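What the coordinates show
Chain by chain, the residues:
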Amino acid sequence: MDQHDSPLAPGLYLVATPIGNLGDITIRALDVLKQVDRIACEDTRQTQKLLNHFEIHTPTVSCHQHNERSRATELVDALKNGARIALVSDAGMPGISDPGGWLAAEAIAAGIAVIPIPGANAALSALVASGLATAEFHFIGFLPEKAGARRSRLEELAEETGKSAGPRTLVFYEAPHRILETLGDLEAVWGAGLRVVVARELTKIHEEFLRSTVSEARASLAARDRIRGEITLLVEALPKSREHAGASSVPEKLSARVTRLIAETGVDEKEALKVLARELGQSKSDLYRELQRERARLKSGPR
C-alpha cells in the first residue's frame, strides 16, 4: 500500500509551511494537513488562506505566543486520547523564532510521538544562497529590540566568534523597521568592512540579496523610501587572525570615536554624539547610553 494511502498515526506533527511561494509546500505536508483531526495555528486567519488554496477543510485552533502554554494543556490531553494534531506557524518551521517549542516539549514529556514534517525555512534558504561560509553557522533569530541590549548581544557574539578556529556565519531575523539600526550596531561593533548579506522577501516575487560590506548595505537601504518585507540578515564572523583587510582587529569604541571627533573638530561631547548618531543611523540618546555603558565597563576593569 502506498504511504499516502496509509492512515495517519496519532501524534503531534510539526508541519513546515511556505515562507512566501505557495509552491514550496511539500506533498507530505499537504497529506498530513488533510488527515489530522485539527491544526493548531499561530494565526488561524493566515493558515486558512493556505488551507483554502489547497482545498483543505481540517478544523483549526489558535496556538500563538500569548496562549501557547494554556493551549498546550488542552492539546496534550487530546493527544493522550489518540488525536492527530498538526502544528503550523504563519510561515516556515514552527518553533523556529515562532511558537511551537513549548507544545512540542510538553508532548514529548507526556510520551506522545512528535513528528517533524520538513519544508521551507528562511534561515537555511538565505544561508545557502549567501555566498558566506556554510560549514559552521550560528542561528540567533531575533536580536533584542532595545538598543542597549541589542548592542550588548552583538558585542558578546563578536567576542565569541573572534575566538573561533575558522569562519562562522551568524544568521539573524530582523524586522524592516529595525534593519538600519541593527546594521548600524553591526558596523559599530565589527567595523565598516564587515561582510553581510541582507536577504529580503525570500521565495517571493521581489526576492532580493544585498551582498556587501555592512556600511554599503546600510547606505543602500537608507536611500530607499521604504524598506519592506521579511528580512534574514547574515554576517561573516571571522576569527581575530583573519579579520577583514583594512579593519582594526578591535573595533573602535564609541568613547574613542567621540574623543577623536572632539579633538579633530573642536565640538563638545553633545555635538559629537549628534554627528555620530547621523553617521550610524541611530538616535543620540541610544549612543549616549552606550557611551555611559562603555565608561562603566572601563571603571569596573576587565572581566
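The structure reproduced in this document is the subject of the present report.

About the thresholds
- Residues numbered from 1 in each chain as written.
- Predicted model: local features only at pLDDT ≥ 70, side-chain atom pairs only at ≥ 80, totals over all residues.
- Heavy atoms only, no water.
- Pairing = 2+ DSSP bridges.
- Helix = DSSP H or I, 4+ residues; strand = E, 2+ residues; numbered from the N terminus.
- Axes fitted to C-alpha atoms, helices over the stretch in contact; angles between N-to-C directions.
- Contact = heavy atoms within 4.5 Å.
- Core = buried A, V, L, I, M, F, W, Y, C linked by side-chain atoms within 4.5 Å.
- Buried < 20%, exposed > 50% of the residue type's maximum accessible area, 1.4 Å probe, protein only.
- Parallel < 35°, antiparallel > 145°, perpendicular 65-115°, else oblique.
- Left-handed = near helix turned anticlockwise from the far one by under 90°.
- Nonpolar A, V, L, I, M, F, W, Y, C, P; charged D, E, K, R; others polar.
- Salt bridge = Lys/Arg side-chain N within 4 Å of Asp/Glu carboxyl O.
- Phe/Tyr/Trp six-rings, centres within 6.5 Å; stacked < 30°, edge-to-face > 60°.
- Lys NZ or Arg CZ within 6 Å of the ring centre and 35° of its normal.
- Polar contact = N/O pair within 3.5 Å; in protein donor to acceptor, adjacent residues only side chain to side chain.

The pairing of strands in a sheet happens through backbone hydrogen bonds and is either parallel or antiparallel. Pairing in this open sheet of five strands is mixed, and the strands run β6-β7-β10-β8-β9 from one edge to the other. Each end of this open sheet is capped by a strand with a single partner; those strands are β6 (137-142) and β9 (208-213). Strand after strand, the sheet turns through a mean of 15 degrees between neighbouring axes, direction not considered. Bridging between β6 and strand β7 (residues 168-174) involves five bridges; their strand directions are parallel.

The next point concerns the sheet that holds strand β3 (residues 60-62). The sheet built from five strands is open, its strands ordered β3-β2-β4-β1-β5 with parallel pairing. Strands with a single pairing partner mark the edges of an open sheet, and in this sheet they are β3 and β5 (114-117). Within this sheet the neighbouring strands show an average axis-to-axis angle of 25 degrees, counted without direction. Where strand β2 (residues 38-41) lies against strand β4 (residues 84-88), four bridges are found, and the strand directions are parallel. Pairing of Ile39 across the sheet is with Ala86, part of β4. Set on the sheet, helix α3 (residues 68-80) makes contact with β1 (11-15), β2, β3 and β4; between it and β2 the angle comes to about 160 degrees. This element, helix α4 (residues 101-109), spans β1, β4 and β5 of the sheet and lies at about 155 degrees to β1.

Core analysis: the largest hydrophobic core is formed by 24 residues, its most contacted members being Leu154, Leu170, Phe172, Leu183, Leu186, Trp190 and Leu233. Listed by contribution, the elements that provide at least two residues to this core are α6 (147-162), β7, α7 (179-190), β8 (195-200), α8 (214-222) and β10 (231-237). Here this core takes five residues from α7, the largest share from any one element. Ignoring anything within four residues of it in the chain, the contact list for Leu183 reads Val214, Ala217, Arg218, Leu221 and Leu233. Ranked by size, the runner-up nonpolar core spans 19 residues in total, among them Leu12, Leu75, Ala78 and Ala104.

A few words on the packing of α7 against α8. Between two packed helices, the angle of one axis relative to the other and the distance separating the axes together describe the packing. Packing of α7 against α8 brings their axes to within 9 Å, and their N-to-C directions diverge by 160 degrees. Relative to α8, the element α7 is oriented roughly antiparallel. The two elements α7 and α8 cross, and the hand of that crossing is left-handed. Counted together, Ile179, Leu180, Leu183, Gly184, Leu186 and Glu187 of α7 and Val214, Ser215, Ala217, Arg218, Leu221 and Ala222 of α8 form the full contact between these two elements. For the contact of α7 with α8, the class distribution of residues is eight nonpolar, two polar and two charged.

Right, let's get into the pattern of salt bridges. On inspection of all chains with the given rule, the structure shows 21 salt bridges. A salt bridge links Glu74 to Arg71, with the nearest nitrogen and oxygen atoms 2.9 Å apart. Of this pair, Glu74 and Arg71 both sit in helix α3, three residues apart, which is roughly one turn of that helix. One network of salt bridges, in which partners are shared, links Arg150, Arg151, Glu155, Glu181, Asp185, Glu290 and Arg293.

Looking now at the pairing of β1. Taking burial as the measure, the five residues of β1 include five buried ones, the bulk of the element. Side chains Gly11, Tyr13 and Val15 project from β1 onto one buried face, and the interleaved Leu12 and Leu14 project onto a second face that is buried too. With four bridges joining them, β1 and β4 adopt parallel strand pairing. Note on β4: the bridge partner recorded for Gly11 is Arg84. Here β1 runs beside β5; their pairing, made up of four bridges, is parallel. Within the sheet, the bridge partner assigned to Tyr13 lies in β5 and is Ile115.

Attention now moves to the packing of aromatic side chains. Under the definition given, this model contains two aromatic pairs. Judged by centre distance (5.2 Å) and plane angle (70 degrees), the rings of Phe139 and Tyr173 are edge-to-face. In this pair, Phe139 is assigned in strand β6 and Tyr173 in strand β7, connecting sequence segments 34 residues apart. For Tyr173, a relative accessible area of 11% puts it in the buried group. Grouping aromatic residues by their ring pairs yields a cluster made of Phe139, Phe142 and Tyr173. Of note, Arg69 hangs over the ring of Trp102, and the distance from its end group to the ring centre comes to 3.8 Å.

We now examine the side chain of Glu174. Within the fold, Glu174 resides in strand β7. Polar contacts involving the side chain of Glu174 include one to the side chain of Thr182, which spans 2.7 Å. Contacts of Glu174, omitting those with residues within four sequence positions, involve Phe142, Ile179, Thr182 and Ile231.

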